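# Secondary and tertiary structure notes
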Amino acid sequence: QQQVKQSPQSLIVQKGGISIINCAYENTAFDYFPWYQQFPGKGPALLIAIRPDVSEKKEGRFTISFNKSAKQFSLHIMDSQPGDSATYFCAASYNQGGKLIFGQGTELSVKP
Amino acid sequence: DSGVTQTPKHLITATGQRVTLRCSPRSGDLSVYWYQQSLDQGLQFLIQYYNGEERAKGNILERFSAQQFPDLHSELNLSSLELGDSALYFCASTVGGSNYGYTFGSGTRLTVV
């Protein structure tokens, strides 16, 4: 119930391509779904987040798509660049829970 | 620089020892969260403090403890260390008691030999 399942574990995309990472959850009490980006030797950094009352949110080249009925959400990175190569984590939480539950992470490599 | 400061950056210690990891939250943030990141377990929530009080507890071992001081910095104490405790330990902070908009520090890499 508390898990967030993320796929794929690793992803290789050509420069200019679209990177897609998927997450699924079970707990319908979750009300906040952020994505974090982590570079080697650094802490995770908030990339973009969505609440379940909207189906899509776009910030620059990054888009979250949210499907409440399927309990799934995904991150799309348009026009992927080598500088996007990092590990991406989806997460979920409910406000009163006081914690973020993270997916296992996706290691993205964008080839020039 | 995220504004969340963690020290030390690296720590190598022997099994059975005790270490203290320190976290200074962003200015104005009242909540501190501790996470453990290992290759096989991902990012696991350990514990949360809000304005000096323990707010939530996760998968934190009894050998581990934490506290948040009046100046809002927090310390994570790990004792009777085992090889399996080797991991990256992150703290994150937020303004209020909710978990929206975490800011993570750069972590402490603990190696137990």
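Just so we're clear, the structure is a prediction, and the values are computed from it rather than from any experiment. (Residues numbered from 1 in each chain as written. Chains lettered and ligands numbered in written order. Predicted model: local features only at pLDDT ≥ 70, side-chain atom pairs only at ≥ 80, totals over all residues. Heavy atoms only, no water.)

### A short note on the pattern of salt bridges
Residue and element names in this part refer to chain B. Under the defined criterion, the tally for this structure stands at six salt bridges over all chains. Residue Asp-29 pairs with Arg-26 through a salt bridge whose shortest N-O separation is 2.9 Å. On the accessibility criterion, Asp-29 (1% relative accessible area) is buried. Arg-26 sits in the partly exposed class, given a relative accessible area of 27%. Of the charged contacts in the structure, one is a salt bridge between Glu-82 and Arg-63, with a shortest N-O distance of 3.7 Å. Here Glu-82, found in the loop between strand E8 (74-78) and strand E9 (87-94), pairs with Arg-63, found in the loop between strand E6 (53-57) and strand E7 (64-68); they are 19 residues apart in sequence, far enough to count as distant. (Salt bridge = Lys/Arg side-chain N within 4 Å of Asp/Glu carboxyl O. Buried < 20%, exposed > 50% of the residue type's maximum accessible area, 1.4 Å probe, protein only. Helix = DSSP H or I, 4+ residues; strand = E, 2+ residues; numbered from the N terminus.)

### Some thoughts on the interface of chain A and chain B
Listed per partner, the contact involves 20 residues of chain A and 19 residues of chain B. A combined buried area of about 1,500 Å² lies between chain A and chain B, and 51% of that area is made up of carbon and sulfur atoms. Applying the counting criterion to the chain A and chain B interface returns zero salt bridges. At the surface where chain A touches chain B, the tally comes to three residue pairs in polar contact (both at pLDDT 80 or more). Class assignment for the residues of the side of chain A that touches chain B results in eight nonpolar, eight polar and four charged. (Contact = heavy atoms within 4.5 Å. Buried area = accessible area lost by both parts, 1.4 Å probe. Polar contact = N/O pair within 3.5 Å; in protein donor to acceptor, adjacent residues only side chain to side chain. Nonpolar A, V, L, I, M, F, W, Y, C, P; charged D, E, K, R; others polar.)

### Focus on the sheet that holds strand E1 (residues 4-7) of chain A
All names here are of chain A. Ordered in space as E1-E3-E8-E7-E6, the five strands form an open sheet in which the pairing is antiparallel. What marks the edges here is a single partner per strand, and that holds for E1 and strand E6 (56-59). Here the average twist between neighbouring strands, direction ignored, is 15°. The pairing of strand E7 (residues 62-67) with strand E8 (residues 72-77) spans six bridges and is antiparallel. When the bridges of E8 are listed, Phe-62 appears paired with Ile-77. (Pairing = 2+ DSSP bridges. Axes fitted to C-alpha atoms, helices over the stretch in contact; angles between N-to-C directions.)

### Some points on the state of the cysteines
For the coordinates displayed, the defined rule picks out two disulfides over all chains. Bridging Cys23(A) to Cys90(A), the disulfide has an S-S length of 1.9 Å. Measuring handedness by torsion sign, the sulfur bridge of Cys23(A) and Cys90(A) sits at about -95° and is left-handed. With Cys23(A) in strand E3 (residues 19-25) and Cys90(A) in strand E9 (residues 86-92), the pair connects residues that are 67 residues apart, well separated along the chain. Through a disulfide, Cys23(B) is tied to Cys91(B); the S-S separation comes to 1.9 Å. The S-S bond linking Cys23(B) to Cys91(B) shows a torsion near 70°; that makes this disulfide right-handed. In this pair, Cys23(B) is assigned in strand E3 (residues 19-24) and Cys91(B) in strand E9, connecting sequence segments 68 residues apart. Exposure class is identical for Cys23(B) and Cys91(B). Each is buried. (Disulfide = S-S within 2.5 Å.)

### Re the side chain of Thr108(B)
All names here are of chain B. Mapped onto the secondary structure, Thr-108 falls in strand E11 (residues 108-112). Look at Thr-108 and you get buried, because its relative accessible area is 0%. Only 2.5 Å separates the side chain of Thr-108 from the backbone oxygen of Pro-8, close enough to count as a polar contact. In this structure, Thr-108 is in contact with Gln-6, Thr-7, Pro-8, Lys-9, Leu-21, Ala-87, Leu-88 and Tyr-89, ignoring residues within four places of it in sequence.

### Here we look at the nonpolar core
In this structure, Val4(A), Phe33(A), Trp35(A), Phe73(A), Leu75(A) and Tyr88(A) are the most contacted members of the largest nonpolar core, which totals 25 residues. If you tally residues by element for this core, the top one is E9(A), at four residues. Among the nonpolar cores identified, the runner-up in size contains 20 residues, and Val4(B), Cys23(B), Ile47(B) and Ile60(B) belong to it. (Core = buried A, V, L, I, M, F, W, Y, C linked by side-chain atoms within 4.5 Å.)

### Comments concerning the sheet that holds E3(B)
Residue and element names in this part refer to chain B. Pairing in this open sheet of four strands is antiparallel, and the strands run E1-E3-E8-E7 from one edge to the other. Of all the strands in the sheet, the pair left with one neighbour each is strand E1 (5-7) and E7. The sheet shows a mean angle of 15° between the axes of neighbouring strands, taken without regard to direction.

### A few points about the packing of aromatic side chains
All names here are of chain A. Counting across every chain of the model gives 21 aromatic pairs over all chains. Judged by centre distance (4.8 Å) and plane angle (45°), the ring pair of Tyr-25 and Phe-33 falls under tilted. Relative accessible area serves as the criterion here: at 0%, Phe-33 is assigned to the buried category. With a centroid separation of 6.2 Å and 55° between ring planes, the pair formed by Tyr-25 and Phe-73 is classed as tilted. You can see Tyr-25 sitting in strand E3 and its partner Phe-73 sitting in strand E8, a full 48 residues away along the chain. (Phe/Tyr/Trp six-rings, centres within 6.5 Å; stacked < 30°, edge-to-face > 60°.)

Keep in mind these numbers describe shape, not what the thing actually does.
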